[in-house]
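# Chain and residue survey
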Amino acid sequence: MKFQLEWYITSDMNIETSIENTRDIIRQARVKGAAIGLVPTMGALHAGHYALVQACREQCGFCAVSIFVNPTQFGPNEDLDRYPRTFEADCRGCRDLGVDLVFAPTVTEMYPDPSSHIWVTVDTLSDCLCGASRPDHFRGVCTVVSKLFHIIQPDLAFFGRKDAQQLAIIRRMVRELDIPVEIIGCPTVRESDGLALSSRNRYLNAEERRQAVCLFQALQSAADAIRQGVTDCQGIIANMRSMIEAYPACRIDYIEMVDSELLQPISHLDQPALLALAVFLGATRLIDNMSIEPQGTCGWETVL
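A word on the confidence of the model for the protein. Any residue range with low pLDDT should be treated as having predicted coordinates unsuitable for detailed reading. When pLDDT is averaged along the protein, the result is 94; 96% of the residues meet or exceed 70. This model gives residues 1–11 a pLDDT under 50, and the stretch forms 28 contacts once residues within four places in sequence are excluded.

In structure tokens, the structure reads:
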């Protein structure tokens, strides 16, 4: 896809809670010939989100950021009530980066009749990995992202590769429902010690934060093994488990090597794959992953 990249600059950033007003703003941008980009978020923005915003600004003439803590993607015992909400700071950051529109609807605006939800699901990719321990999570993600796509009708939408399963599911949803949006996956942004940025990192106490680096270290160790020619997936996973279990604050939810297309477990590395893990540090659940792709005629390339 190629789009006109002339900037659509407003005198100030629009902040909207209304679906109707948001659609009016988007229509005005389209009249001016702007390509519309969307960065969907739940707020508590950090450098990873802002990297998505920067990518959007580079490729689109109009940049919209949604800030909505979506209740339908939280399980009954999860952190909906305490999920960090930093709206004013988020808006300042978006304004500094030249965002044109922040769409921040209320729950009632997005779900006017909570007793009669219409769900969007991608069953083939949602039951594994994070979906195994969060059974309704991706149903909520697909539903809210589908609604955002229909409200804002972006030409491009930007998602982080740290949430690799979510990215695969959104791509499948868009393809199967013929939604005319191009999904752009952007690299994971990390702290200096390798920990992937997440809004939930702020839950960690000092000792948990110190130990959290083991996720990245385990992935690095796997990458080294793969580059040295190791293709036994269970051996790679076993080594990662031993590394992470050496940290007392850590409890492994899963470590899995899956194929890149259907996200199904593989035992031998002979196709493009995703090495993904989820680990609890105290009550905080963190995820990370690594993509594995063929490199030339032999060997593998790993992307953290």
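Overall, parallel pairing links the six strands, which are arranged β1-β4-β3-β2-β5-β6 in an open sheet. Lying at the two open borders of the sheet, with one neighbouring strand each, are β1 (14–16) and β6 (182–186). On average, adjacent strands in this sheet sit at an angle of 25 degrees to one another, irrespective of strand direction. For strand β2 (residues 36–41) and strand β5 (residues 156–160), the ladder comprises two bridges, and the chain directions are parallel. Opposite Gly37, over in β5, you have Leu156 as the bridge partner. Docked against the sheet, helix α1 (residues 19–31) engages β1, β2, β3 (62–67) and β4 (101–103), running at close to 155 degrees with respect to β4. Against the sheet, helix α8 (residues 164–176) makes contact with β5 and β6, and its axis sits at roughly 170 degrees relative to β6, the strand it touches most.

With respect to the helices, strands and loops of the structure, Thr41 is situated in strand β2. For Thr41, a relative accessible area of 8% translates into the label buried. There is a polar contact of 2.8 Å between the side chain of Thr41 and the backbone oxygen of Ser66. Excluding anything up to four places from it in sequence, Thr41 contacts His49, Val65, Ser66, Ile67 and Phe68.

It is worth spelling out the sheet that holds strand β8 (residues 273–281) at this point. Here four strands make up an open sheet; going across it, the order is β7-β8-β9-β10 and the pairing antiparallel. The two strands at the open ends of the sheet, each matched to only one other strand, are β7 (250–259) and β10 (300–303). For this sheet the average axis-to-axis angle between neighbouring strands, irrespective of direction, equals 20 degrees. With nine bridges connecting them, β7 and β8 associate as antiparallel partners. Within β8, the position partnered with Glu256 by the bridge is Ala276.

The final tally for this structure, using the stated rule, is 13 salt bridges. Salt-bridge contacts for Glu261 lead to Arg172; the nearest nitrogen and oxygen are separated by 3.5 Å. Taken together, the residues Glu261 in the loop between β7 and β8 and Arg172 in helix α8 connect sequence positions 89 residues apart. Here Arg241 ties to Glu245 by a salt bridge, and the two come within 4.0 Å at their closest N and O atoms.

For the rest of this paragraph, the subject is helix α11 (residues 233–245). Taking 1.5 Å per residue, 13 residues should reach 18 Å; α11 reaches 18 Å between its end C-alpha atoms and fits that length. Residues of α11 that are buried include every one of Cys233, Ile236, Ile237, Met240 and Ile244, and no others. Summarising the axial view, the buried residues of α11 lie within an arc of 95 degrees, below the 170-degree limit, and thus occupy one face. Summarising the contacts, the buried residues of α11 are in contact with α10 (214–227), β7 and β8.

Within the secondary structure, Glu208 sits in helix α9 (residues 206–211). Considered as a pair, Glu208 and Leu281 are 73 residues apart in the sequence and their alpha carbons are 6.0 Å apart. Apart from residues no more than four positions distant in its own chain, Glu208 is found in contact with Tyr203, Ala249, Leu281 and Gly282.

Rules behind the numbers
Residue indices follow the written sequence of each chain, beginning from 1 at its first position. A pLDDT threshold of at least 70 governs which residues receive local features in this predicted model, and a stricter bar of 80 or more applies before side-chain atom pairs are shown or counted, although totals over entire chains, interfaces and linings include all residues. Only hydrogens and water are removed before side-chain values are computed, so all heavy atoms of the structure are retained for them. Per-residue confidence from the predictor is reported as pLDDT, a score between 0 and 100. Every residue pair with non-hydrogen atoms within 4.5 Å of one another is taken to be in contact. For two strands to be treated as a pair, DSSP must find at least two bridges joining them. Secondary structure counts use DSSP, requiring at least four H or I residues in a row for a helix and at least two E residues in a row for a strand, with both numbered from the N terminus. Axis definition: a line fit to C-alpha positions, over the contact stretch in the case of helices; interaxial angles, taken between N-to-C directions, run 0 to 180 degrees. Classification of residues uses two cut-offs on accessible area relative to the type maximum, computed with a 1.4 Å probe and protein chains only: under 20% is buried, over 50% is exposed, and between them is partly exposed. Think of a polar contact as two N or O atoms within 3.5 Å of one another; within protein, one of them needs to be a possible hydrogen donor and the other a possible acceptor, and neighboring residues in sequence only count if both atoms come from side chains. Should a side-chain nitrogen of Lys or Arg be within 4 Å of a carboxyl oxygen of Asp or Glu, the pair is scored as a salt bridge. Multiplying one less than the number of residues by 1.5 Å gives the expected span of a helix. Working definition: the arc comes from the directions between the helix axis and the C-beta atoms, pointing outward to the latter.

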